[in-house]
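Summary of structural features
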Amino acid sequence: MNEIPLPDPAVHVAGAREIAPDLLVIPDRGVPLVPNIGLIGGTSAVLVVDTGLGTANAEQVLALASEVAGGRRLYLTSTHFHPEHAFGAHVFAGRATYVVNRAQADDLRAKGAGYLEMFRGLGRTVADRLDAGVRVPTPDVVHDGGYELDLGGRTVRLRPTGRGHTQGDQVIEVPDAGVLFTGDLAEAGQFAIFPWFPPHDTDVSGVGWLGVLDRLVADGHRLVVPGHGEAGGPRLLADVRDYLRELRDETWRRRDRGTADSEIVAEVRALLTERHPEWTGQEWIEKGVGCLCAEYAERSEDAEYAAHTEHAAHTERSGRSGHSG
C-alpha cells in the first residue's frame with residue numbers, strides 16, 4: 001500500500017456544540033477526512049447529517065444521537081456519497097431511517113465500491129477506519145426533487161442541488177434556525193475539493209458548482225455549516241462562489257490565449273495561492289483547473305456545433321428562397 005502521512009480521521013463527539021436550539025454540530029477539528037456532522041432535533045425525531053468515516057466513527061455518532069434523542073425516532077441523511085460523509089451508514093441500519101436523494105443513491109450504487117477501495121489506499125490510518133465490516137450503504141428512502149422531514153415542530157428540507165461537487169449533492173436546510181448544511185459544496189479556509197479523477201470519475205462540474213453556489217448565496221441562510229472547516233455566516237458561501245469564479249475565469253482566460261495546460265496549472269496555482277495564502281488544500285487547484293479545461297473544451301464544441309447548425313439552416317433557407325423566386 002502506498003502510505004500517505006494522514007492523521008487518524010477520528011470523529012470526536014465530545015466536541016459537539018449547540019449552534020441553535022436542539023441543533024448540534026460535531027466539528028471536524030481541521031482534520032482531513034473528518035466532516036462536520038449535524039444532529040437536528042424536533043419534538044418527535046432527530047436527524048443525523050453525515051456519519052464520519054467507517055464503523056467506529058459512526059458508532060460514536062449513533063451513540064451520541066441516541067443519547068440526544070432520548071427515545072425520539074432517528075433519521076440519517078448524507079450530503080453526498082463520499083466515504084467520510086456516508087460510509088458509516090451501515091451502523092445505523094435498523095436504528096435509523098436513511099434518506100437520500102436519487103442522484104446520490106445512484107452515485108452510491110455506481111461508484112461506492114470504487115471509492116471504498118480508493119480510500120483504503122490512502123494510507124494505514126484511513127484503511128484501519130474502513131475495516132472489513134464497512135460496506136457501501138443502501139438507503140431506506142430515496143426521494144426525487146426534495147424531501148421535507150417533519151421532526152415534530154421543526155421541518156427540515158433535504159434539497160438536491162444538481163451537479164456540482166458530485167452528481168448527487170444534497171443540502172440540508174433548517175428554516176426555523178436559518179441553518180444550512182452544505183457538505184463539500186462549501187469548505188471554510190481551504191480551496192474547493194475537486195474530485196477530478198479521469199477517466200474513473202469526472203462527474204464534478206466547476207460550471208455547475210458555480211451555479212449552485214449562486215443560488216445558495218441568494219437564499220440568504222443565516223448560518224452555514226460547511227463540509228469541512230468552521231461554520232460561519234453567509235459570507236462563507238460567497239467566498240466559495242467568488243473563488244470558483246476566479247478559478248474559472250483565470251483558467252478560461254488562459255485557454256483563450258492557447259496556453260498549454262501545464263502552464264495554466266502553474267500560473268493559476270501561483271495566482272490563487274497568492275490571493276488566498278491562508279487557505280489549505282492547494283493540491284485541489286490543479287484538479288479544478290483540469291476540470292475547467294475539460295468544460296472549456298465542451299463549451300467550445302457546443303459553440304462550434306451551434307454555429308454549424310445555424311449555418312446549415314441558413315443555407316437551407318437561402319436555397320428555398322432561391323427556388324421560390
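Quantities reported herein were computed from a predicted structural model and do not represent experimental measurements.

In this section: the layout of surface pockets. Considering only enclosed or pocket space, the largest pocket measures out at about 700 Å³ in volume. Surrounding the largest pocket, 28 residues form its lining, P32, L33, I193, E283 and W284 being those nearest its centre. Elements with a minimum of two residues in the lining of the largest pocket: α3 (102-120) and α8 (283-324). When the residues that make up the lining of the largest pocket are grouped by side-chain class, the tally is 14 nonpolar, 9 polar and 5 charged.

Inspection of every chain in the model, using the stated rule, returns 7 aromatic pairs. Arranged with centres 4.9 Å apart and planes meeting at 40°, the rings of F194 and W209 form a pair that is tilted. Within this pair, whereas F194 is found in the loop between β11 (179-187) and α5 (206-219), its partner W209 is found in helix α5, the two being separated by 15 residues in sequence. By the burial criterion, F194 is buried, and W209 matches it. Taken together through their ring pairs, the aromatic side chains of F81, Y115 and F119 make up a single cluster. Sitting above the plane of the W252 ring, R299 keeps its charged end 4.3 Å from the centroid.

The subject of this paragraph is the side chain of T259. Mapped onto the secondary structure, T259 falls in the loop between α6 (235-256) and α7 (261-275). Excluding anything up to four places from it in sequence, T259 contacts R254 and I264.

With 19 residues, α3 extends 26 Å from end C-alpha to end C-alpha; this agrees with the ideal 27 Å at 1.5 Å per step. The sharpest bend along α3 reaches about 60° and sits at K111. Among the residues of α3, those classed as buried are Q104, A105, D107, L108, K111, G112, Y115, L116, F119 and R120. Where the residues of α3 are buried, they touch α2 (83-86), β6 (97-101), α4 (124-129), β7 (141-143) and β10 (170-174).

Rules of the game
Residues numbered from 1 in each chain as written. Predicted model: local features only at pLDDT ≥ 70, side-chain atom pairs only at ≥ 80, totals over all residues. Heavy atoms only, no water. 1 Å grid on protein atoms, 1.4 Å probe; cavity = no way out; pocket = protein on both sides within 12 Å on 5 of 7 lines; lining within 4 Å. Points joined across faces, edges and corners; volume = space filled by probe spheres on them. Helix = DSSP H or I, 4+ residues; strand = E, 2+ residues; numbered from the N terminus. Nonpolar A, V, L, I, M, F, W, Y, C, P; charged D, E, K, R; others polar. Phe/Tyr/Trp six-rings, centres within 6.5 Å; stacked < 30°, edge-to-face > 60°. Buried < 20%, exposed > 50% of the residue type's maximum accessible area, 1.4 Å probe, protein only. Lys NZ or Arg CZ within 6 Å of the ring centre and 35° of its normal. Contact = heavy atoms within 4.5 Å. Expected span 1.5 Å × (residues − 1). Bend = angle between axes of the 7 residues up to and from the residue.

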